[in-house]
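Tertiary structure, described
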Amino acid sequence: MKRIIIRAGMTPFEQFDAPYLMKHNSIGGNVGNLIYQYSIFRTLMTEGTTITPDYYYYDEERADEINANFDLYVIPLADAFRKEFVPTLRKYTRLIKKLKIPVVVIGVGLRAPFEPDLDGGFPFDEDVKAFVSAVLERSSMLGLRGEITSKYLTRLGFREGIDHRVIGCPSMYAFGRDLHIRETNITPESMITVNSSRLAPQNVLDFITRGMEEYPNHYFIPQWMKELKLTYTGTHPIADLSVTNYPVKMSDPAYMNNRVRFFLNAQTWFDFIGQADLSFGARLHGNITATLAGTPSILIPKDARMRELTDYHQLTHIWANDIKADTQLSDVVANADFQSPVRVQARNFDNFVDFLNVNDLEHIYQETNYPENVPFDRQMAQAELLPPVQPISGVSLEEAVARFERFFPEQEKKIADTQIKVKEKLAEKDKKIADAQKQAKAQLAEKDKKIKALQKQTTTTQKDQEIAALKAQLAAQTKKMKHQQGTLNRKAVRAALKTADLFAKK
């Protein structure tokens, strides 16, 4: 029996409703994380294997528990090599250094501009080196998301093909060696799904907005945690109210017309998007989900992370620089090659499986590339999953009231708990400061005592030196006096003899 612990906030089978998910951040801030986690669960769940999420609790204090209860730690990551993720990298590094079990990173990438300056380096280089080095102590090699990340690690001194290998995004292998993208007839009446990112360039956001207008039978699929809160409660806007090229508030048409769906698990996302004729937008996993479900998709890469994955998997796309003010989605659809990911899937899958073998990972493809009895699929067939969250503007009054009664007390409790924790941390810091001040005072007092002792010792030594000097002077004067006395005595004798001699001559 293999016991695996994996970086994840939930299993693909768990029924976490929106309030729970928001309270515990079970999606790691972005629901797209569920897609590559789904793939790894399905791939590594062999007969008798248990896979347990770490629920994003990876403090080094867990090392003994993990060593005792698990045989393998699997860490799938997105664009983890970035400034904002440094604290997490450091925590994982400290934990991994204390682990005695294998640790395998299945997918990690660099966040950088579309045209990255790798030679210039990044502020987090040393943290990345420490993390990668720690992982390599516990596994054969890291799996990277693309060539840009590979070049980055090579520049840091790690060896391509030995320390790291490009495997793409693990999500692309969720259902095995083959992709089956449907040939659909996309018309203005077609159902399409839309995904977007506030971080995309303005021309991209404008293009996506035009596409939603051109295909009114659309559903917007947000991915950020704060968008789940907006969908579930109607508050708060996720950006300035003046924004017009992204659904940022409940009064935007997508929300008001009940054209938003926020998914709480990967499987219902696959099921829903599989009914669409097209998916398009600036979200990587928003479109990979469509590709895996067999729906044609068009991705708009906005940075190096998306660029390297687009290149590796040959994802159907349009570059942001090619989008003009008059570019229409229908024109892009007419010229798109929706089958391009299919043509490289088998090659990429074989490379991925070889990576798993190099790291001695058990997986469902060890005997055949087309397993018929998949433990994950059996368990998924029995799972009762929650449907996607609809915007509060599209539900009944009873449902809206139920949401308020469920969410806001929990939110207030969470805020209160957070305030208590902050106060406890502040009190702990104050205690540490007070202890440090007390220790500093004690050290200063000890130093003062030593200084006074030295001063006293110095004063005594000076007095001894003065006495010795006086004694030396006295001895010198005594010697001089004795010398002078002897001289006088000799002179007196000579004078007496001379006087006697004079008297004798008379």
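Our structure is the block above this text.
The paragraphs below set out a description of the structure included in this document. (Residues numbered from 1 in each chain as written. Predicted model: local features only at pLDDT ≥ 70, side-chain atom pairs only at ≥ 80, totals over all residues. Heavy atoms only, no water.)

A look at the overall build of the protein
- Within the protein, the secondary structure is distributed over 16 helices and ten strands.
- Computed over the C-alpha atoms, the radius of gyration of the protein is 39 Å, more than 25% above the 23 Å expected from 2.2 N^0.38 for a compact globule of 506 residues.
- Taking the principal axes of the C-alpha coordinates as reference, the protein spans close to 165 × 55 × 55 Å.
- A buried classification covers 48% of the 506 residues belonging to the protein.
- In the protein, the proportion of contacts linking residues at least 24 apart, taken out of those at least 6 apart, comes to 76%.
- Here the protein displays about 25700 Å² of accessible surface, and carbon together with sulfur accounts for 52% of that area.
- In the protein, 67 side chains carry a positive charge and 63 a negative one; their mean positions are 21 Å apart. (Helix = DSSP H or I, 4+ residues; strand = E, 2+ residues; numbered from the N terminus. Rg over C-alpha atoms; globule rule 2.2 N^0.38 Å. Buried < 20%, exposed > 50% of the residue type's maximum accessible area, 1.4 Å probe, protein only. Contact = heavy atoms within 4.5 Å. Areas by Shrake-Rupley, 256 points an atom, 1.4 Å probe, with all protein chains shown as cover. Lys, Arg positive; Asp, Glu negative; His and termini not counted. Charge placed at Lys NZ, Arg CZ, Asp CG, Glu CD.)

Brief notes about the side chain of His164
- Relative to the elements of secondary structure, His164 occurs in strand S6 (residues 164–166).
- You can call His164 buried: its relative accessible area is 0%.
- Once you skip the residues sitting within four places of it in the chain, His164 turns out to touch Met141, Leu142, Leu144, Ser150, Leu153, Thr154, Phe158 and Arg159.

Description of helix H11 (residues 284–293)
- Most of H11 sits out of view: nine of its ten residues are buried.
- By the burial criterion, the buried members of H11 are Leu284, His285, Gly286, Asn287, Ile288, Thr289, Ala290, Thr291 and Leu292.
- Looking one or two places after H11, you find Gly294, whose phi comes out positive at around 90°.

Description of the environment of Ala440
- Its location among the elements puts Ala440 in helix H16 (residues 397–505).
- Distance from Ala440 to Gln37, taken between C-alpha atoms, is 50 Å for residues 403 residues apart in sequence.

Observations concerning the packing of aromatic side chains
- Throughout the structure, instances matching the rule amount to 24 aromatic pairs.
- Judged by centre distance (6.4 Å) and plane angle (70°), the ring pair of Phe124 and Tyr152 falls under edge-to-face. Placement of the pair is Phe124 in the loop between strand S4 (103–105) and helix H5 (125–136) and Tyr152 in helix H6 (residues 147–155), with a sequence separation of 28 residues.
- An angle of 70° between the planes, with centres 5.3 Å apart, marks the rings of Phe175 and Phe270 as edge-to-face. Here Phe175, found in the loop between S6 and strand S7 (192–195), pairs with Phe270, found in helix H10 (residues 266–273); they are 95 residues apart in sequence, far enough to count as distant.
- For Phe270, a relative accessible area of 5% corresponds to the buried category.
- A network of ring pairs unites the aromatic residues Phe13, Tyr38, Phe175, Phe270 and Phe376 as a single cluster.
- Lying across the ring of Tyr219, Arg259 places its NZ or CZ 4.6 Å from the centre.
- One cation-aromatic arrangement involves Arg307 over Phe114; the distance from NZ or CZ to the ring centre is 5.2 Å. (Phe/Tyr/Trp six-rings, centres within 6.5 Å; stacked < 30°, edge-to-face > 60°. Lys NZ or Arg CZ within 6 Å of the ring centre and 35° of its normal.)

Describing the pairing of S7
- Burial of S7 is two-sided: the residues Ile192 and Val194 facing one way and the residues Thr193 and Asn195 facing the other way are all buried.
- Bridging between S7 and strand S8 (residues 218–220) involves three bridges; their strand directions are parallel. Within S8, the residue paired with Ile192 across the bridge is His218.
- In this view, the connection linking S7 to its parallel neighbour S8 by way of helix H7 (residues 202–214) has right-handed handedness.
- Pairing between S7 and strand S9 (residues 278–281): four bridges, direction parallel. Directly across from Thr193, in S9, lies its bridge partner Ser279. (Pairing = 2+ DSSP bridges. Right-handed = clockwise from strand over helix to strand, strands pointing away.)

Examining the packing of helix H2 (residues 33–44) against helix H15 (residues 375–382)
- Packing of H2 against H15 leaves a shortest axis separation of 7 Å and a crossing angle of 120°. Taken together, the axes of H2 and H15 are oblique relative to one another. Residues Tyr38, Phe41 and Arg42 of H2 form the contact with H15, whose participating residues are Phe376, Asp377 and Met380. (Axes fitted to C-alpha atoms, helices over the stretch in contact; angles between N-to-C directions. Parallel < 35°, antiparallel > 145°, perpendicular 65-115°, else oblique.)

Re the nonpolar core
- Grouped together as the largest cluster of nonpolar side chains are 70 residues, with contacts concentrated most on Leu44, Val74, Ile106, Leu228 and Phe376.
- Take this core: its biggest share by element is seven residues, from H2.
- Counting residues in hydrophobic clusters, the runner-up holds 40 residues, among them Tyr73, Ile75, Ala112 and Val135. (Core = buried A, V, L, I, M, F, W, Y, C linked by side-chain atoms within 4.5 Å.)

Examining the sheet that holds S8
- The strand order across the open sheet built from four strands is S8-S7-S9-S10, with neighbouring strands paired in parallel fashion. Of all the strands in the sheet, the pair left with one neighbour each is S8 and strand S10 (297–299). With direction set aside, neighbouring strand axes in the sheet form an average angle of 20°.
- Along the sheet face, H11 touches S7, S9 and S10 and points at about 155° away from the line of S10.

Structural notes on the sheet that holds strand S1 (residues 3–6)
- Ordered in space as S2-S1-S3-S4, the four strands form an open sheet in which the pairing is parallel. The open sheet is flanked by strand S2 (50–53) and S4, the only strands paired with a single partner. For this sheet the average axis-to-axis angle between neighbouring strands, irrespective of direction, equals 25°.
- By the bridge criterion, three bridges tie strand S3 (residues 72–75) to S4 in an arrangement that is parallel. Counterpart to Ile75 in the pairing with S4 is Val105.

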